[in-house]
Amino acid sequence: MCHQQPLDGLNTLGLSSRAAHFLRLAHEAELAPALALAAQRGWPVSLLGGGSNLILAPHLEGLLLQPGFSDCELTPGADGSVAVRVAAGHDWHALVMALAERGLWGLENLALIPGQCGAAPIQNIGAYGVELAEVLEAVELRYLDDGRAVTLGVEECAFGYRDSLFKGELAGRVMITHLRLRLSTRPRARLDYGDLGRRVGKDPSPRDVAEAVCAIRREKLPDPRVLPNAGSFFKNPLVSVDRAEALLAEYPMMPHFSQPDGRVKLAAGWLIDQCGLKGWREGPFGVHERQALVLVHHGGGDARGLLAFAERVAERVRQRFAVVLEREPRLMGRFD
C-alpha cells in the first residue's frame, strides 16, 4: 500500500491528483483484507480503473483501490458460441484485439476504447453501432461494505445509453471483478455505422474490422498519451421527435438517429462544431481541432478549471440549439 500516491499518470486527462492511500490489487483475494483495514481505520473506499473516463479531484480521501488481476478464460459452447470470463484489471483494447485475432465476433467494433474491463459496464461502452450490453451475459462484483460476492445477469444491470445500475443505485458501493461475455465464431459483422463498411473488404474477419475501427479512431481522436483527454466528453443528447423536427427545419443537414424509445439522438460533436468551437482554447483546456466532442488538456490545469471550461462549451450549445449537453466522464472525489 502506498500513501499520498500521485495520480497524475493514472488518469488520461493528466490532472494533478493525489490519493491518501492507494493499493493495486494483484489478486481478487486481496480485496477482503483491504476492506477490513479501511473499515478499521474509518477510510472511505473508492475505485480506479484505467482512469480514462474520470475527472479526479485534487485530493482523494480514504483508500483508493485499483484492480490489477487480469485473468481470462474461454469456454467453447454450442452453435459456435464462446463464453469469455475476463477479470476487471484486464486492458480492454488488448482483450478486443486478442479475441478478434482468434476469429471471435462481438467486440471488434469496440476496439481502441481505453481503460480496463471492469469499467466497461459502468457506462455501457459503445462505438460504431455496438454496445457492450449486446454481448455481455453477466457481471461479477463484490460489495465494498462487507465483501460479499454477487453475480448480476445483463437484464439486472439496467443498461441504457452510456448508463447502467453501476452509475446509479450501485455507484460507489461495489467493485466489478469479472465480466462474462458471449461471443461467436460465426460471422456477424456490423458495418453500417459511418464509413466503417467502406474501410473493410468483402467478408472481413473480426481482426479486419477491429483494425479499421482503430484507424478511424486514430484519425479522429487524439492519443491521450500525447494530448491528455477523456475521449468523448459529452453524451449525444436525446430529444423528442418534435424538438428534432424543429431543429431539422432550421438545420436540415443535422445528423440525427431515431431511437427505439421514440426519441431522437443528436450528435453532440456536430452541435459543438456548429457553434464554432472546434479548436477553441482557453488557457490549459480546449476543444480538439479535429473532433469537437473531445476536450483536451494542454497542461497546467485542474479539475475545477476543466469543469468550468466544459460548462462554457455546453452553454454555447444550449443558447444556440436549446439542447442540454450532459457530461460523460464521472467525477471522483470532493469538489466543494
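Preceding this section is the structure that the text describes.
Please read all numbers here as calculations on a predicted model, not as lab measurements.

Visitor: Run through the nonpolar core, naming residues and quoting values.
Guide: Counting residues in each nonpolar core, the largest one holds 47 residues, and the members touching the most others are Trp92, Leu107, Phe166, Leu179 and Leu181. Only strand 7 (81–87), helix 2 (92–101), strand 10 (136–143), strand 12 (174–184) and helix 4 (206–220) provide two or more residues apiece to this core. Trp92 has contacts with Leu107, Leu110, Ile113, Gly115, Gln116, Cys117, Ala120, Ile125, Leu132 and Leu179, leaving out every residue within four places of it along the chain.

Visitor: Could you give an account of the environment of Leu295, with specific residues and numbers?
Guide: Mapped onto the fold, Leu295 is located in strand 19 (residues 294–297). When the C-alpha atoms of Leu295 and Ala215 are compared, they prove to be 20 Å apart, with 80 residues separating the residues in sequence. In contact with Leu295, other than residues within four places in its own chain, are Leu13, Pro228, Asn229, Ala230, Gly231, Phe233, Phe234, Gly286, Val287, Leu306, Phe309 and Ala310.

Visitor: Report on the pattern of salt bridges, specifying residues and quantitative values.
Guide: For the structure shown, the criterion picks out 19 salt bridges. The closest approach of N and O atoms between Glu211 and Arg207, which form a salt bridge, is 2.8 Å. Highlighted residues: Glu211 and Arg207, both in helix 4, separated by 4 residues, approximately one helical turn. The class for Glu211 is partly exposed, based on a relative accessible area of 39%. You can call Arg207 partly exposed: its relative accessible area is 28%. In this structure, Glu282 engages Arg312 in a salt bridge whose closest nitrogen and oxygen atoms are separated by 2.8 Å. Here Glu282, found in strand 17 (residues 281–282), pairs with Arg312, found in helix 7 (residues 303–321); they are 30 residues apart in sequence, far enough to count as distant. Here the residues in one salt-bridge network are Glu73, Arg85, Glu140 and Arg180, joined through shared partners.

Visitor: Report on the sheet that holds strand 1 (residues 2–6), specifying residues and quantitative values.
Guide: In spatial order, the strands read 1-2-5-3; together these 4 strands make up an open sheet with mixed pairing. Pairing within the sheet leaves two strands with one partner each, and these edge strands are strand 1 and strand 3 (45–47). Neighbour to neighbour, the strand axes of the sheet diverge by 45° on average, direction disregarded. As paired strands, strand 3 and strand 5 (residues 59–67) are joined by 3 bridges and run parallel to one another.

Visitor: Tell me about the pairing of strand 2 (residues 18–25), and name the residues and values.
Guide: Side-chain positions along a regular strand alternate between the two faces of the sheet. Within strand 2, 6 of the 8 residues are buried, which leaves the element mostly enclosed by the surrounding structure. Alignment of strand 1 against strand 2, held across 4 bridges, turns out to be antiparallel. Looking at the pairing, Pro6 lines up with Arg18 of strand 2. When strand 2 meets strand 5, the two strands line up parallel, connected through 7 bridges. Along strand 5, the bridge assignment pairs Arg24 with Gln66.

Visitor: Kindly report on the side chain of Ser184, identifying the contributing residues and their values.
Guide: For Ser184, the location among the structural elements is in strand 12. The exposure class of Ser184 is buried, given its relative accessible area of 9%. The contacts of Ser184, once residues within four sequence positions are left out, are Gly80, Ser81, Gly103, Leu104 and Trp105.

Visitor: So what's going on with the pairing of strand 6 (residues 72–76)? Which residues, and what values?
Guide: One ladder, built from 5 bridges, connects strand 6 with strand 7; its direction is antiparallel. Looking across to strand 7, one finds that Glu73 is bridged to Arg85. The antiparallel hairpin formed by strand 6 and strand 7 contains 4 residues in its connecting segment, where Asp79 sits at a positive phi of about 55°.

About the cut-offs
Residues numbered from 1 in each chain as written. Predicted model: local features only at pLDDT ≥ 70, side-chain atom pairs only at ≥ 80, totals over all residues. Heavy atoms only, no water. Core = buried A, V, L, I, M, F, W, Y, C linked by side-chain atoms within 4.5 Å. Buried < 20%, exposed > 50% of the residue type's maximum accessible area, 1.4 Å probe, protein only. Helix = DSSP H or I, 4+ residues; strand = E, 2+ residues; numbered from the N terminus. Contact = heavy atoms within 4.5 Å. Salt bridge = Lys/Arg side-chain N within 4 Å of Asp/Glu carboxyl O. Pairing = 2+ DSSP bridges. Axes fitted to C-alpha atoms, helices over the stretch in contact; angles between N-to-C directions.

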